[in-house]
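Remarks on the overall topology
Below are the chains, spelled out letter by letter.
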Amino acid sequence: MARRAPRVGLIGLALAAGCAGGPGKGGADGGGDDSGAGAPLSVCAGEACVEPLAGGGLLLRFAGEERLSLPADAVAVGVEDALIDTRSYDPTYPQAATRWVGLSTWGEAAAVDGGLELTLAGAGGGAQRLRLEAGPAGALALQLLPAEAPPDGVVVAYRVAAAVTADEGLYGLGEWFDRPEHRGAVRPMHIVADLESESSYNEAHVPVPLLIGTRGWGLFAETDRPTVFDVAAADPERVQVEVGVGPAAEAGLRLHLLAAAEAVDVTAAYTALTGRPRLPAPWALGPLLWRDENIDQSEVLADVHLIRDLDLAASGVWIDRPYATAVNTFDFNPATYSDPAAMVDEVRSLGLRLALWHTPYLEPEGAAALHAEAEAAGYFPPNVPIIFNGWSEPIDFTNPAAVSWWQSQLGAYGALGIEGYKLDYGEDVILGLNGNRLGWVFADGSDERTMHKGYMRGYHSTYAATLPEDGGFLLCRAGTWGDQVNVNVIWPGDLDADMAYHREPRDDGSLSVGGLPAAVAAAAGLGPSGFPFFASDTGGYRHSPPSAETFIRWAQHTALTPTMQVGNSASLQPWELLEGDALDHYRDLSRLHLRLFPFIWTEALALEGGGRPLLRPFGLQEPEWGQHPADQYFFGEDLLVAPVVRPGQTTRGLVRPAGEWVGWLDGAPLPGAPGDLVTVDAPLLSVPLFLRAGALIPLLRPTIDTLAPVADPDAIDSFATDPGRLWARAAAGVSGAAAVYDGAALRMDDDGAMVRVEMTSGAVFRQGLGLELVGLGGPPAAVEIDGAPSDAWTYAGGVLTIPEIDAVVQVLR
């Protein structure tokens, strides 16, 4: 994994002309010594600096290079005659009563403790204080606070705009099903009705108010208030964020400008502010299987044995509803699950960990005693205007007593050996209808104007605190900014079990939520927004079962993502959807995903130190070509994935990246020049996957079955029981190196005549190396293993396989 080192600010915090200040410190200064005389004031966080401009506006730089500017007319306030408490102040629904006033008169900046401060004013809009402060490296805060009330009315909203170039790509903003690049779109940061859609809403399950420009900047709105981004829709050279603050105007608005050497590194500055992502347990990175409705305990056990009998790689399963007596009785229904403890033990003995579907509700009849207890203790919100879920009011996670009580109920599952949850629903708290509140009230006094986001954090953090120390598994349908510290994996809810684009017309006249193309777009786009782990239902959910073609193409995608989960609303397992060569192909895909564990876990652990997203949209990592495809992405630095997302296709076009690339399967060179649109073959039982020349991808052995411990290691090949040799797939043609999470290291030297690969052992991988080398162009002339000539190798289909190397191998072309 040859990786470019992120540069998000390496010289500490410095402020003012001449970058006065030192590592870890911030301040502001008008000039200090003669060398800074006449230079503009600025605030810096590492190599990122923001400075007020003469005549108004701000300029963001990184290492002296311009990244983004806020023009003199960047800030405006929305003024109305009076506050109306029944309003949500959702910018999606503009109000005729709102008067927008630009604050285009910028006062002179002055140094204050920790930053700079100036005043913005506009006729009829009063004045706002703008405070600029240094944050973590690469992050600069912009705090707007009221300084003078409007002469006639109250401030109810803010608009902040930035100037962008007409050709730069614009990414981030969370999970979206149409495309990861947002130019020309208007993106609400919350659920909004969409009556044309088959779901009746806009599917904004994980909106994140972070916009990233491919010039290497980010704009983050740190607010739970209703927010809408205009992403160069009204003006191709301007982006704008609008926030309806309503009764919270006195608190102002807090934004952050982020900057990095490359756009793909901006996410690290964002997670330094909001929290590094929570990693799942290692076992959760193996394939996970489930049925939408399990009949009983015997079906669960039959499935887990079939997984092993059919030699399908997997590390976990979860039981979706129904399994409990009711939603949520925190038990297993004794009529269908006679011995849950024995069931859990048997599942675990086969090298599979177990999770459960769950929700934040208590069915009033089936869970009558618990519902009555919660109601009497005040564990539901004080005012619940409407119930969307069909079961009950949601638990009020702003009430600490309710949180403790709910966690105590979950303890029964933990004691049985349940190690994770699929958290469904919990999206009851919407902003309202047509700009009007419904009237939610929570124990802490908050309402839907912030709890449409805040509820998710409370819901998810309650469960996260109960998980095992190794991280467990928390699969969540929804999320928001900062929630990455609670959520292990996002799944996108109920995508269509087909290959339809988002909002593609359906036969019934509605617009599709989207199938496989939506899954690929969402997976690629979510990582830069701070959620690195994403797992759509392989094969889709709505209108299940998927066709064999849809399932195969979807599995080709999910196998090449950090997390792979397999299930659908028809409750059919892979062996019930596929047969023959198709099932064999799924077996190969699931094992490839499992084998990628050392590569994925190395990338995952790097996130804790500010590493790059595991999945990256093509146009974010390589913006220089001006191409922003929604259906191809980088997996780490060295893998290019181009899934087939439309029915009947056996070839596909892709934008060629920089450098030399070869096919993963056969080592054939990827044709064309960087930035070219090239066509590649993609027969049904093959996925377009390419490896950068010089790359070494660490893998597990080809026979691996599971990442979890097993009772019989002779029958089931377990990484936890025996890590075995480290394997690697390497692409010849360029020298390269890769580090593995345990301290193991790989190095490849290629001088054109000979390829030399060497492994240094780590704490886990200490049993030597197995090598799969592609890109040689033909069989080797000779192979020398650990200093001695050897014929213990095979060459087939463009792949040289050498299964046993103690430390060094030399391959003569």
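These lines cover the structure that appears in this document, whether it is placed above or below. What you see is a predicted model, and the numbers here were worked out from it, not measured in a lab. (Residues numbered from 1 in each chain as written. Predicted model: local features only at pLDDT ≥ 70, side-chain atom pairs only at ≥ 80, totals over all residues. Heavy atoms only, no water.)

1. Observations regarding the overall build of the protein chain
This is how it is decided: To qualify as a helix, a DSSP run of H or I must reach at least 4 residues; to qualify as a strand, a run of E must reach at least 2; elements of each kind are numbered from the N terminus. Only the C-alpha atoms count toward the radius of gyration. The rule for a globule is 2.2 Å times the residue count to the power 0.38. Only protein chains enter the area calculation, which uses a 1.4 Å probe; residues under 20% of their type maximum are buried, those over 50% are exposed, and those in between are partly exposed. Whether two residues touch is decided by their heavy atoms; if any such pair falls within 4.5 Å, the residues are in contact.
Helices and strands together make up the secondary structure of the protein chain, namely 12 helices and 45 strands. Computed over C-alpha atoms, the radius of gyration of the protein chain comes to 27 Å, within 12% of the 28 Å expected from 2.2 N^0.38 for 813 residues, which places it in the range of a compact globule. C-alpha atoms of the protein chain, sized along the principal axes, occupy 85 × 75 × 50 Å. The buried share among the 813 residues of the protein chain stands at 62%. Looking at the protein chain alone, contacts between residues at least 24 apart form 68% of all its contacts between residues at least 6 apart.

2. Side note on unusual backbone geometry
A cis amide bond links R321 to the next residue, P322, at an omega of 0°. Residue position: P322 is located in the loop between β21 (316-319) and α3 (340-349). At the junction of V327 and N328, the peptide bond is cis and its omega measures out at -10° in the coordinates. In this fold, N328 is placed in the loop between β21 and α3. With a phi close to 55°, F330 is a non-glycine residue in the positive phi region. Within the secondary structure, F330 is located in the loop between β21 and α3. Of note, the phi angle at Y425 is positive, near 55°, even though the residue is not glycine. Along the chain, the position of Y425 falls in the loop between β23 (420-423) and α6 (448-464).

3. Quick word on helix α11 (residues 597-606)
Of all 10 residues in α11, eight are buried; the element is thus mostly enclosed. Buried residues of α11: F597, P598, F599, I600, W601, T602, E603 and A604, and no others.

4. Things to note about the packing of helix α10 (residues 580-595) against α11
So the rule is basically this: For helices, the axis comes from a line fit to the C-alpha atoms of the stretch in contact; other axes are also lines fit to C-alpha atoms, and the angle between any two N-to-C directions lies between 0 and 180 degrees. Should an angle fall under 35 degrees it is taken as roughly parallel, and over 145 as roughly antiparallel, whereas 65 to 115 is taken as roughly perpendicular and any remaining angle as oblique. Residues were grouped as follows: Ala, Val, Leu, Ile, Met, Phe, Trp, Tyr, Cys and Pro as nonpolar; Asp, Glu, Lys and Arg as charged; and all remaining residues, including Gly, as polar.
The interhelical angle for the contact between α10 and α11, taken along N-to-C directions, is 45°, at an axis separation of 5 Å. Between α10 and α11, the angle falls in the class oblique. Where α10 abuts α11, its residues H593, L594 and R595 lie against F597, P598 and I600. Its residues assigned to classes, the contact of α10 with α11 comprises four nonpolar, one polar and one charged.

5. Let's talk about the pattern of salt bridges
Selection criterion: Here, a salt bridge means any side-chain nitrogen of Lys or Arg that lies within 4 Å of a carboxyl oxygen of Asp or Glu.
This model, assessed by the stated rule, comprises 52 salt bridges. Its salt-bridge partner being R348, residue E419 comes within 2.4 Å of it at the nearest N-O pair. Residue E419 is found in the loop between α5 (400-416) and β23, and its partner R348 is found in helix α3; the two are separated by 71 residues along the sequence. Measuring nitrogen to oxygen at the nearest pair gives 2.7 Å for the salt bridge that ties R591 to D705. Of the two residues, R591 sits in helix α10 while D705 sits in the loop between β35 (696-699) and β36 (726-731), which places them 114 residues apart along the sequence. As far as the burial class goes, R591 and D705 line up, both buried. Residues joined by salt bridges that share partners form a network here, namely E117, R129, R131, E133, E222 and R254.

6. Focus: the pairing of strand β24 (residues 473-476)
Just so we agree on the cut-off: We call two strands paired when DSSP finds no fewer than two bridges between them. A clockwise path from the first strand over the helix to the second, with the strands pointing away from the viewer, defines a right-handed crossover.
Residues F473 and L475 of β24 are buried on one face, and the alternating residues L474 and C476, pointing to the opposite face, are buried as well. Strand direction decides the pairing type here: β23 and β24, joined by four bridges, are parallel. Note on β24: the bridge partner recorded for L423 is C476. The parallel pair β23 and β24, bridged by α6, forms a crossover whose chirality is right-handed. Strand direction decides the pairing type here: β24 and strand β25 (residues 489-490), joined by two bridges, are parallel. Bridging across to β25, C476 finds its partner in I490.

7. Considerations on the sheet that holds β35
The strand order β35-β36-β40-β44-β43 describes an open sheet built from five strands, whose pairing is mixed. Of all strands in the sheet, those bounded by a partner on one side alone are β35 and β43 (794-796). With direction set aside, neighbouring strand axes in the sheet form an average angle of 20°. Across five bridges, strand β40 (residues 769-774) lies against strand β44 (residues 799-805) in antiparallel orientation.

8. Observations regarding the sheet that holds strand β34 (residues 689-692)
In spatial order, the strands read β28-β29-β30-β34-β32; together these five strands make up an open sheet with antiparallel pairing. Where the open sheet ends on each side, the last strands, each with one partner, are β28 (615-617) and β32 (661-663). On average, adjacent strands in this sheet sit at an angle of 30° to one another, irrespective of strand direction. Relative to strand β29 (residues 633-635), β28 runs antiparallel, the two sharing three bridges. Paired with R616 across the bridge in β29 is F634. In the packing of helix α7 (residues 516-526) onto the sheet, the strands contacted are β28 and β29, and the crossing angle to β28 comes to about 105°.

9. Some details on the packing of aromatic side chains
Rules: For Phe, Tyr and Trp, where Trp contributes only its six-membered ring, two rings pair if their centres lie within 6.5 Å, and the inter-plane angle classes them as stacked under 30 degrees, edge-to-face over 60, or tilted in between.
Throughout the structure, instances matching the rule amount to 33 aromatic pairs. Each ring, one from Y459 and one from Y463, has its centre 5.6 Å from the other, and the planes form 75°; the classification is edge-to-face. Placement of both Y459 and Y463 in helix α6 is noted, with a separation of four residues, approximately one turn of the helix. Of the two residues examined, Y459 and Y463, each falls in the buried class. Pairing F597 with F719 gives two aromatic rings, centres 5.4 Å apart and planes at 55°, and the pair type is tilted. Here the residue F597 occupies a position in helix α11, and F719 occupies one in the loop between β35 and β36, the gap between them amounting to 122 residues. Comparing F597 with F719, the two get one shared label, buried. Ring pairing ties together the aromatic residues Y323, F330, F332, Y337, Y379, W405, W406 and Y413, which thus form one cluster.

10. Comments concerning the side chain of D498
Looking at the secondary structure, you find D498 in the loop between β25 and α7. Those residues in contact with D498, other than ones at most four positions away along the chain, are R506, G515, L516, G539, T550 and W554.

11. So, α6
Our working definition: Helix span is expected to be 1.5 Å times the residue number reduced by one. Note on bend: the value at a residue is the angle between axes fitted to the seven residues ending there and to the seven starting there. Polar contacts, as used here, are pairs of N or O atoms within 3.5 Å; protein pairs need one atom able to donate a hydrogen and one able to accept it. Residues neighboring in sequence count only if both atoms are side-chain atoms.
Look at α6: 23 Å from first C-alpha to last across 17 residues, which is about the 24 Å you get at 1.5 Å a residue. The largest bend in α6 amounts to roughly 40° and is located at G454. Counting buried positions over the 17 residues of α6 gives 16, a clear majority of the element. Two or three places before R449, at the start of α6, stands the capping residue D447, its side-chain oxygen 2.8 Å from that residue's backbone nitrogen.

12. Section: the state of the cysteines
Just so we agree on the cut-off: Disulfides are defined as cysteine sulfur pairs within 2.5 Å.
Following the criterion strictly, the structure yields one disulfide and no others. Here C44 engages in a disulfide with C49; their sulfurs sit 2.0 Å apart. Residues C44 and C49 are joined through a disulfide that is right-handed, its torsion about the S-S bond being 110°. Comparing C44 with C49 shows no difference in burial state: the two are buried.

13. Concerning the nonpolar core
Looking at soluble globular proteins, one finds that nonpolar side chains tend to be buried together. Rules: In this description, a nonpolar core means a group of buried Ala, Val, Leu, Ile, Met, Phe, Trp, Tyr and Cys residues linked to one another through side-chain atoms lying within 4.5 Å.
Residues Y421 and L773 are the most contacted members of the largest nonpolar core, which totals 174 residues. Among the elements that make up this core, the one with the highest residue count is α7 (eight residues). Ignoring any residue separated from it by four or fewer positions in sequence, one finds Y421 in contact with A355, L356, H358, L410, Y413, Y463, T466, L467, F473, L474 and L475. Grouped together as the second largest cluster of nonpolar side chains are 52 residues, A48, L60, L132 and L140 included.

14. With respect to the packing of helix α2 (residues 297-309) against α3
Between α2 and α3, the least distance of the axes is 10 Å, while the angle of their chain directions is 5°. It follows that α2 is roughly parallel to α3 by the angle criterion. Side by side, α2 and α3 meet where Q297, V300, L301, V304 and H305 of the first sit next to P340, M343, E346 and V347 of the second. Residue classes in the contact of α2 with α3 are distributed as six nonpolar, two polar and one charged.

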